[in-house]
Amino acid sequence: MTYKNYHVTRTSQAARIAAIVGAVVLIILIAAPWWAGRADLRLMGELFLYLALASLWNLMAGYAGLVSVGQQAYVGFGGYMLFALTMFGGLHPTVAIIAAGGLGALISIPVAALIFRLRGAYFAIGTWVMAEVFRLSFAQVSTLGGGSGTSLPVKIVKSLASGRSARESLSYWMALGAAVLVVAAVYLFLRSRNGLALTAIRDNELAAGSLGIDIWRTKFLVYIVASALTAMIGALIFLQKLRISPDAAFSVNDWTAFVIFIVVIGGIGTVEGPIIGTLVYFALRETLADLGTIYLMVLGLVAIVVMLRAPKGVWGLIRARFDLQLFPLGHRVVRTPDKGD
Amino acid sequence: MEWLNSVVQGTLLGGLYALFAAGLSLIFGVMRLVNIAHGDLIVLAAYLGLTVTSATGLHPLLAMVLVVPAMAAIGYALQRGVLNQTLGDDLLPPLLVTFGLSVIIQNALLEVYSADPQKMNAGALETASVSVGGLALGVLPLLTFAIAVAVIAGLQFTFYRTALGRAFRAVSDNQDIAQLMGLNRRHIFGLAMALALAVTAVAGILLGIRTSFDPSIGGGRLIFGFEAVIIGGLGNLWGTLVGGVILGVAQTVGAKIDPGWQLLSGHIAFLLILVVRPNGLFPRVSG
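All values reported here derive from a predicted model rather than from experimental measurement.

Peer 1: For this particular structure, what's the right way to read the overall build of chain B?
Peer 2: Within chain B, the secondary structure is distributed over eleven helices and two strands. In sequence order, the secondary structure elements of chain B are arranged as α-α-α-α-β-β-α-α-α-α-α-α-α. Taking 287 residues into account, the globule formula puts the C-alpha radius of gyration at 19 Å, and chain B, at 19 Å, falls close to it. Expressed along its principal axes, the backbone C-alpha trace of chain B runs to roughly 60 × 50 × 35 Å. Counting the 287 residues in chain B, one finds 53% classified as buried. Long-range contacts, defined as pairs at least 24 residues apart, comprise 76% of the intrachain contacts of chain B with a sequence gap of at least 6.

This is the structure in structure tokens:
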């Protein structure tokens, strides 16, 4: 046996097939405004936005070890920035969404400097305190409706596109675009030098530090990127809702609890997990939502059982069984087909 | 004088926050577990108190005789049945399991008791006050503060003067060696959670007498307790009382400036202390 018969590769047959299937699905989804009904379009738009939030939370918790229960701070911040920039800054909504991301990055820097002083689980509750500070602060801004909130003026909504169906299609495409952008960004980030550092930190923080990885800087970077993108998603969410209030914008249930359940059920620490989790979550929601509070209890119970019995989630079970990786991140050794063998 | 009044009222309010925090501090000290469902367990205790008082006609303070052991039993069962499985080096399982628990408790309360705000009726105790140096002090806030001091003194005594406390400190220092010395750490953790939820029961009843409550307020109570723990310094029970008082005073003084600033000024006080002293005022253990 000689070593030249083996080589190290990143991609695999499954990943190549997944890429082709993914591209076909993406084309079908882009064409959705021509084949899907209005209600389905709305539902899919919401699904994509949750997928984006879940992928970002997964990047933080699953790779950087930054377990936040306060990402609603940035969802609400982005939503409020959309309203403020369009109503008082006169910006076009699409420009305002991008600006909301930039402002989200800016505000996350002092926040991170502060809450990074807390470790582990206390970091988690610290993020929640920050979200409460954001909520209470925006409730004090009377020009944005104070505690009762405000609606996006009709003029601004109409500036997005003329006609209701055109607006709905545009809003759908933006949600789809955001999800694709976020998943692609997470994937490319993980393949980059920083991503390699991040994976090392995930596997063993002490060992990563001893190899010269600047752990604080890497986590800081992840927090800021995730927060900026979360703010953009928040702006998109409230562009769909057209109405904002502090309680809706900074809801821990809507923007953090559900997102955590999606990631835990799908499989934390994998790119595929949030995608599976989002599909499972929406399937559960569409079938059980009529049960109201019971449905939420079931969701909490499912998350606990998954965490205790299958901590790697649904995707973890699939991967353990079939050794699949649809987004090629790891390296594997394969035998080279060689006629001299 | 009005400002002095705010400070005194805030100090007494701090007693309640210290009770919210004491359970959190205790279980973190013994098993490094941060219970996200802590606030919801406080609210659960308040609802249990409500059920007991309306079913038996007992005074809410007497209802503690039933609610405290009930919550302690829930705590022991919860720890042995669920939470012990999550303990280990990984931070995620305890955090996410207690987060799921929080959602379950909140929605179960919503299902059973509805979203309407409820309150326990404590009769004359609610409005009774004594005049001290020109300030009218409510008997209930005074009583709450006294109970908080007594509970913390009791926990301190348990921790440093009893066999149970020695077991708590042993498993806290090194689980494996404590196990080798013949302590069953699963049982010890169960007892720690039982004790923590007994304190939580007292806090929940006092909360339910003081203000109206509904199933959604648990998260806010968790945050107050957490802030008191961090301000006071991890692992220091008397520090937790000081933390509660600082938080309470910041809130009442903030409310004096502008009613909308009550909660915000409490959070700002917490963040300022985090800037100046990241480990709190009187830390005993490192996070």
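Picking up after the structure, the text goes on.
Peer 1: Would you mind going over the interface of chain A and chain B with me for this structure?
Peer 2: When the parts of a complex come together, some accessible area is lost, and that lost area is often used as the size of the interface. Taken together, the 33 residues of chain A in the interface contact 32 residues of chain B. The set of elements that each furnish at least two residues to the side of chain A that touches chain B consists of helix H6 (120-139), helix H13 (252-266) and helix H15 (293-309) of chain A. Residue contributions to the side of chain A that touches chain B peak at eleven residues, all from H6(A). Grouping the amino acids of the side of chain A that touches chain B by side-chain chemistry returns 25 nonpolar, five polar and three charged.

Peer 1: I tried to follow helix H8 (residues 164-191) of chain A on my own but got confused; where do I start?
Peer 2: Since the α-helix packs 3.6 residues into each turn, any two residues three or four apart lie on the same face. All names here are of chain A. For H8, which comprises 28 residues, the first-to-last C-alpha distance of 40 Å matches the rise-based estimate of 40 Å (1.5 Å per residue) to within 8%. By the burial criterion, the buried members of H8 are Tyr-172, Met-174, Ala-175, Leu-176, Ala-178, Ala-179, Val-182, Val-183 and Val-186. Residues of H8 that are buried make contact with helix H1 (13-30), helix H2 (32-35), helix H3 (38-63) and helix H11 (215-241).

Peer 1: How should I be thinking about the packing of helix H2 (residues 38-56) of chain B against helix H9 (residues 218-232) of chain B in this particular structure?
Peer 2: Two measures define how a pair of helices packs: the angle their axes make with one another and the distance between the axes. Residues and elements named next belong to chain B. Relative to each other, H2 and H9 sit at 115°, their axes nearing to 7 Å. Handedness of the H2/H9 crossing: right-handed. Contact residues: His-38, Gly-39, Asp-40, Ile-42 and Val-43 in H2; Gly-218, Gly-219, Gly-220, Arg-221, Leu-222 and Gly-225 in H9. Residue composition of the contact of H2 with H9, by class: three nonpolar, six polar and two charged.

Peer 1: Can you help me understand the packing of helix H5 (residues 139-161) of chain B against helix H6 (residues 163-173) of chain B in this one?
Peer 2: Residue and element names in this part refer to chain B. Contact geometry for H5 and H6: axes closest at 5 Å, N-to-C directions at 75°. As judged from the angle between their axes, H5 and H6 are roughly perpendicular. On H6, the residues that touch Thr-158, Phe-159, Tyr-160 and Arg-161 of H5 are Leu-164, Gly-165, Phe-168 and Arg-169. Looking at the contact of H5 with H6 residue by residue, the class counts come to four nonpolar, two polar and two charged.

Peer 1: Would you explain the environment of A:Val259 in this entry?
Peer 2: Residues and elements named next belong to chain A. Structurally, the position occupied by Val-259 is in helix H13. Sequence-wise, Val-259 and Ser-142 are 117 residues apart; in three dimensions their C-alpha atoms are separated by 30 Å. Excluding residues that lie within four positions of it along the chain, Val-259 makes contacts with Tyr-50, Leu-53, Ala-54 and Trp-57.

Peer 1: Sorry if this is basic, but what is going on with the nonpolar core here?
Peer 2: General note: in soluble globular proteins, nonpolar side chains tend to be found buried as a group. Counting residues in hydrophobic clusters, the biggest one holds 202 residues, and the most contacted among them are A:Met81, A:Ala178, A:Ala235, A:Leu236, B:Leu19, B:Ala192 and B:Val202. For this core, the element with the most residues is helix H8 (residues 185-210) of chain B, which contributes 18 residues. Aside from chain neighbours lying at most four places away, what touches B:Leu19 is B:Ala148, B:Val151, B:Val199, B:Val202, B:Ala203 and B:Leu206.

Peer 1: Explain unusual backbone geometry here, please?
Peer 2: Leaving glycine out, the prevailing phi sign among residues is negative, and the prevailing peptide bond configuration is trans. With a phi close to 65°, A:Leu242 is a non-glycine residue in the positive phi region. Along the chain, A:Leu242 falls in the loop between H11 and strand E3 (243-244). Even without a glycine there, the phi angle at B:Arg32 is positive, about 55°. Following the sequence through the fold, B:Arg32 ends up in the loop between helix H1 (2-31) and H2.

Peer 1: What exactly am I supposed to notice about the confidence of the model for chain B here?
Peer 2: Should pLDDT be low for a region, the predicted coordinates there are not to be read in detail. Averaged over every residue, the pLDDT of chain B is 91; residues scoring 70 or more account for 99%. The complex prediction reports pTM at 0.90, with the ipTM value standing at 0.87.

Calculation notes
- Residues numbered from 1 in each chain as written.
- Chains lettered and ligands numbered in written order.
- Predicted model: local features only at pLDDT ≥ 70, side-chain atom pairs only at ≥ 80, totals over all residues.
- Helix = DSSP H or I, 4+ residues; strand = E, 2+ residues; numbered from the N terminus.
- Rg over C-alpha atoms; globule rule 2.2 N^0.38 Å.
- Buried ≥ 20, exposed ≤ 12 C-beta atoms within 10 Å, placed from the backbone.
- Contact = placed C-beta atoms within 7 Å.
- Nonpolar A, V, L, I, M, F, W, Y, C, P; charged D, E, K, R; others polar.
- Expected span 1.5 Å × (residues − 1).
- Axes fitted to C-alpha atoms, helices over the stretch in contact; angles between N-to-C directions.
- Left-handed = near helix turned anticlockwise from the far one by under 90°.
- Parallel < 35°, antiparallel > 145°, perpendicular 65-115°, else oblique.
- Core = buried A, V, L, I, M, F, W, Y, C linked by C-beta atoms within 7 Å.
- pLDDT = per-residue confidence, 0-100.

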